[in-house]
Amino acid sequence: MTAPKTWAAGVPAVRHALEYSLEETSVRRTGVTLLTMNQVDGIDCPGCAWADPAPGHRHRNEYCENGAKHINDEATTRRISADFFRRHPVSELGRQSDLWLNQQGRLTEPMVKRAESDHYEPISWRDAFDLIAAELNSLESPDEACFYTSGRASNEAAFVLQLFARAFGTNNLPDCSNMCHESSGTALHETLGTGKGTVSLDDLHHADLIFLVGQNPGTNHPRQLSALEEAKRNGARIIAVNTLPEAGLLRFKNPQQARGVVGHGTQIADRFLHIRSGGDLALFQGLNRLLLEAEDARPGSVLDHDFIRSSTSGFEEFSQHARGIGWDQILPATGLTREEIEGVRDDVLRSERVIVCWAMGVTQHRHGVPTVREIVNFLLLRGNLGRPGAGACPVRGHSNVQGDRTMGIWEQMPDSFLDALQQVFGFDPPRAHGLDSVNSIKAMQEGRIKVFLALAGNFVRAAPDSTVTEEAMRRCRLTAHISTKLNRSHTVCGGTALILPTLGRTERDVQPCGEQFVTVENSMSEVHTSRGRLEPASTLLLSEIAILCRLARHTLDGKTDIPWKQFETDYGTIRHRIAHVVPGLHDFNRRVVRPGGIRLPNPVNEGVFATATGKAMFTCNAWAMPQAPDGHLLLQTLRSHDQWNTIPYTNNDRYRGIHGSRRVVLVNPADLTELGLREGQSVDLVSVWTDDVERRAEGFVVVPYPTSLGCAAAYYPETQVLVPLESVAEASNQPTSKGIVVRLEPSATRLDASPQ
Ligand SMILES: Nc1nc2c(c(=O)[nH]1)N[C@H]1C(S)=C(S)[C@@H](COP(=O)(O)OP(=O)(O)OC[C@H]3O[C@@H](n4cnc5c(=O)[nH]c(N)nc54)[C@H](O)[C@@H]3O)O[C@H]1N2
Ligand SMILES: Nc1nc2c(c(=O)[nH]1)N[C@H]1C(S)=C(S)[C@@H](COP(=O)(O)OP(=O)(O)OC[C@H]3O[C@@H](n4cnc5c(=O)[nH]c(N)nc54)[C@H](O)[C@@H]3O)O[C@H]1N2
Ligand code: SF4
Ligand SMILES: [Mo]
């Protein structure tokens, strides 16, 4: 272990990215992919959903260290052949680590594992489609199938998948967003009438004050740091709210600019609030109370009365409720002093334009929805919505997670979308809401879901309660994964299991009508193209769209008039239909190829609030303070600097000074003393839940770390086993990957045994 870093990016970051790329791929492939990454007409980074600067303002190297790692993880020259599966039975693969499975390289041909066998064996594409179609058509109801999507899928693939699922007859469309920003979507829909953020990159550049709440941009959205640096040059102040002093929140050395490469870099956060786990609701409640009191003291000078009157509802009730929350509630819940919160109020009062950014440190708590609602209250008070330099910025994870939702990947799409599908395609889409991720697992457990098909992702590792989830998955009659790389979900098989290998985003996609591109939507609602450049990893790969269209043809067999064959040969024909279904994408084919693409309109920015009251809604949110009983801690499960979600790339976490192991638990030194634990000790993490089932993750090394008091941190997905399936956020049903009550027990596991 070394001391945690107090700065992010700069030269070592670029060097690490290149070291990783040279190890994984040939020099030429690395160069081709990186130079076209995030350029107009190039490959959209398959990493996070951060937006690109406007065309003409992009650097030659418009990517970050982690973007380079993600792209090279896909562009690896390692291959998994049929022989690999002959050598490795599924039972053995199931014992390998997530890191090892990913390191084996790209999947190259369709494989099947039949009920009586412990091996995957080759299968032709045609037989694979027949097999899935036969299973689907033998179901008693279409609702016995579910179709999972991970946010890397393109708009076109996502649209085709939901169309297939709905034409088949179900809205069972769980997705990774159920586990990611569902709490944001739920709260924003209710209060603003849209599930999306309201700001652009340009807004960030021109804000006076930016909050970064529960997010780690240095690792998870590195180019956000460039935007923050620009905002600071324009005079913005930045307030970071986090349970950990993350490297990227403190200092940033911009590798794209000479002054970032030498010197001390930019101090990003002007104010750092070292908050208790789950204290953000109370923080914004305290802040809102202070703003109301400042208005009392100087009437007419603090709140935006015009905006409140014309555009909001519920202010009076909210105002009364907010004044009733006492400092004896706010201070213990946040772990902050009153002076610290008053300091934030003063920053707010000095700022005309305020943006709040947030991510998993907010959404993955039991009270994630009320926390986002309270952030909205905060923005409404001073009219920080719908005008330049101000607004709500839920920072999205996967590169196209937002686009997938726009395309209809949601178990509860509104009737207006279903009506449009009906009009364009001439079939009756099912209207009853389908199953989300957690409810799909419950349905598998109960034998109500029999077929599971995934478009990308690693569902069994992304979902909570590993033991329960894996058992549920094994109860399915058929599991099928459209994937680029091997992961644990391929080893947790239903009666029959299929691997359907596909092109990655880096690869050239040639169809009978010529070379195709796809489109994606970033966190700021900009829809643009992505065009692969590399030769496909294998000649047997099909594109995601080809796989889905052929599956739809085999399954539906003439039951609809949907032109699946045409869709497969020319993706422009899919976009042509999307243009008639999705508001804001009219004339999609022509507009999307323009440099920079299309910015989808956000009704909030036009003063339109599609809420129950037709206005932006103030809400009254009950105060909450997550608490662990004596001898316990609140655990957050988070990402290291060297992983993509469920997939570790190495066992290091450079910015946090951790090397060589992921089975570590970060604990405040004062908590260690109180718990009688010491640095380097091996402990088991045991979570506590109402059902009395013991959930245990074995063999973690204790690392003293400046987390806030009472809060521990360990990596996901290794800690997934600890999160009870029943432990979900109120109203959004999102698993609580943060704020899990655990105790640390001295471990009986030998450290070198390195369990899964
Ligand atoms: N390199 C890389 N980039 C990624 C990903 C990846 O795996 N690797 N994943 C992508 C995806 S899908 C997503 S959703 C995003 C996730 O991006 P993040 O939300 O940044 O992801 P986490 O690693 O979960 O980090 C949560 C952050 O919130 C803080 N936190 C935890 N609990 C609390 C709390 O109660 N209050 C406050 N204020 N802070 C808290 C943690 O200390 C940490 O800094 O990243 C995307 N980008
Ligand atoms: N405990 C805990 N659990 C969490 C979280 C947490 O913070 N803590 N975070 C949650 C969040 S925010 C998210 S988004 C989910 C992530 O959940 P997922 O999106 O399901 O997981 P990933 O790890 O991103 O999926 C990686 C796999 O996607 C496949 N893949 C990669 N690229 C492509 C492609 O181009 N096409 C296809 N077809 N396949 C591809 C590869 O096979 C790879 O192994 O996990 C959630 N679960
Ligand atoms: S910030 Fe996100 S989208 Fe941009 S290069 Fe890095 S990983 Fe890719
Ligand atoms: Mo995510």
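Now for a look at the structure at hand. (Residues numbered from 1 in each chain as written. Chains lettered and ligands numbered in written order. Predicted model: local features only at pLDDT ≥ 70, side-chain atom pairs only at ≥ 80, totals over all residues. Heavy atoms only, no water.)

Quick word on the sheet that holds strand S20 (residues 518-521)
- The strand order across the open sheet formed by three strands is S20-S21-S22, and the pairing between neighbours is antiparallel. With one partner strand each, in any of the chains shown, S20 and strand S22 (598-599) form the two edges of the open sheet.
- Pairing between S20 and strand S21 (residues 526-530): four bridges, direction antiparallel. Note that in S21 the partner of Val520 across the bridge is His528.
- The strands that helix H8 (residues 155-168) touches are S20 and S21; relative to S20, the one it contacts most, it runs at about 90°. (Pairing = 2+ DSSP bridges. Helix = DSSP H or I, 4+ residues; strand = E, 2+ residues; numbered from the N terminus. Contact = heavy atoms within 4.5 Å. Axes fitted to C-alpha atoms, helices over the stretch in contact; angles between N-to-C directions.)

Topic: the site of ligand 1
- The environment of ligand 1 is made up of 32 residues, and the closest members are Asn242, Glu246, Gly278, Asp280 and Asn645.
- Note that a nitrogen atom of ligand 1 is positioned 3.0 Å from one of the backbone N or O atoms of Val241.
- For ligand 1, the protein covers 99% of the area, taking 920 Å² as the surface of the free molecule.
- Those elements that place two or more of their residues in the shell around ligand 1 are helix H3 (65-74), helix H11 (217-220), strand S8 (237-242), helix H20 (360-363), strand S24 (633-638) and strand S25 (643-644).
- In terms of residue class, the shell around ligand 1 is made up of nine nonpolar, 19 polar and four charged. (Near = heavy atom within 4 Å. Polar contact = N/O pair within 3.5 Å; in protein donor to acceptor, adjacent residues only side chain to side chain. Areas by Shrake-Rupley, 256 points an atom, 1.4 Å probe, with all protein chains shown as cover. Nonpolar A, V, L, I, M, F, W, Y, C, P; charged D, E, K, R; others polar.)

Re the packing of aromatic side chains
- Inspection of the entire model under this criterion finds 18 aromatic pairs.
- Note on Phe211 and Phe378: the rings are 5.4 Å apart at their centroids and 75° apart in plane angle, and the pair reads as edge-to-face. Placement of Phe211 in strand S7 (residues 209-213) and of Phe378 in helix H21 (residues 368-381) is noted, with a sequence separation of 167 residues between them.
- By the ring-pair criterion, three or more aromatic residues cluster together here, those being Phe84, Phe85, Trp100 and Tyr120. (Phe/Tyr/Trp six-rings, centres within 6.5 Å; stacked < 30°, edge-to-face > 60°.)

Quick word on unusual backbone geometry
- Tyr716 connects to Pro717 through a cis peptide bond whose omega is 10°.
- By secondary structure assignment, the location of Pro717 is in the loop between strand S30 (711-715) and strand S31 (740-746).
- Unusually for a residue other than glycine, Asp557 sits at a positive phi of about 40°.
- Counting through the fold element by element, Asp557 comes out in the loop between helix H27 (544-556) and helix H28 (564-569).
- We note that Ala731 has phi near 75°; this positive angle belongs to a residue other than glycine.
- Tracing the backbone shows Ala731 in the loop between S30 and S31.
- A residue is classified by how much of its surface remains accessible, and Ala731, at 64% relative accessible area, is exposed. (Buried < 20%, exposed > 50% of the residue type's maximum accessible area, 1.4 Å probe, protein only.)

So far we have only geometry, and geometry alone does not tell us how the molecule works.
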